[in-house]
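Summary of the model geometry
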Amino acid sequence: MIVMILGAVLGVIWSVYCLRLDGNYSTTAGQKTFTLALFAVVGVFFGWMICVLLQDLVVPTKEVTQINVELAAIRTSDGARSNFVFGTGSSRSARYYRVYVRNIDGSVTPMEINAGVEVRIKEDPNLTSRGYWTQVLAVTDRDSLWFSCFGLRSKEKVAWNLLQVPVGSVVE
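In what follows, the accompanying structure is described. Predicted model only: the values in this text are computed from it and were never measured.

**Digging into helix α2 (residues 29-58)**
The end-to-end C-alpha distance of α2 is 41 Å, a good match for the 44 Å that 30 residues give at a rise of 1.5 Å each. Largest kink in α2: about 30 degrees, centred on V52.

Below, the structure is given as structure tokens:
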């Protein structure tokens, strides 16, 4: 955000410099004002472009636990998803972990986790007949100095899913 404001200030300074180099003192106040505003808008645009390009590179993230629940059951499944509208679309196949999450009242809720590199399965010898699912998100650190300079919006994505299961329950 600061880079956008800095871009506007630099745009105004550059327009004043160009108007002084022009040496044409017959320029009206309206023309000068328009030139200042135009350069300020161009400066904000270039500042915005710099923020968009650099936000993912320089703004740090922090890990936040979003889900930490008890599991009743887990199984893998292969699935196919497709979207077709008016004759165009796409289809893809994917692998999922189908899980039953145990609720506070003892009931279970079916959910699915995309099986990918962000999934970690840990066999825990201390667990018997139950498992746990922990989902950790990587969120933009809004307290960072870099976010105040380059941050336009907060982003969050799944950093990893940890499935803790009893020893011997993972079958290949």
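We are not done yet, so read on.
**Concerning unusual backbone geometry**
Phi angles above zero are rare outside glycine, and S129 is one such case at about 55 degrees. Examined against the element boundaries, S129 turns out to sit in the loop between β4 (119-124) and β5 (131-140). When its relative accessible area of 69% is taken as the criterion, S129 is described as exposed.

**Overview of the pattern of salt bridges**
Going through the model one piece at a time under the given rule, you end up with four salt bridges. We note a salt bridge from K62 to D141, for which the minimum N-O separation is 3.9 Å. Pair noted here: K62 is in strand β1 (residues 61-85) and D141 is in the loop between β5 and α3 (145-150), with a separation of 79 residues, a long-range link. The salt bridge partner of R130 is E70, with a shortest N-O separation of 3.6 Å. Taken together, the residues span a long stretch of sequence, with R130 in the loop between β4 and β5 and E70 in strand β1 at a distance of 60 residues. You can call E70 buried: its relative accessible area is 19%. Three or more residues are tied together by salt bridges with common partners; here these are E70, R102 and R130.

About the thresholds
Once a new chain begins, its residue numbering starts again from 1 and follows that chain's sequence as written. Selection of residues for local features in this predicted model requires a pLDDT of at least 70, selection of side-chain atom pairs for listing and counting requires 80 or more, and totals for whole chains, interfaces and linings are taken over all residues. Excluded from the side-chain calculations are hydrogens and water; all other atoms, namely the structure's heavy atoms, are used. Numbering goes from the N terminus for both helices and strands, where a helix is a DSSP run of H or I of at least four residues and a strand is a run of E of at least two. How far a helix is expected to stretch is found by multiplying one less than its residue total by 1.5 Å. To obtain the bend at a residue, axes are fitted to the seven residues ending there and to the seven starting there, and the angle between these axes is taken. Categorising residues by exposure relies on relative accessible area from a 1.4 Å probe, with only protein chains included: less than 20% of the type maximum marks a residue as buried, more than 50% marks it as exposed, and the intermediate range marks it as partly exposed. Salt bridge, as applied in this entry: a Lys or Arg side-chain nitrogen positioned within 4 Å of an Asp or Glu carboxyl oxygen.

The quantities given are spatial measurements derived from coordinates; they are silent on function.
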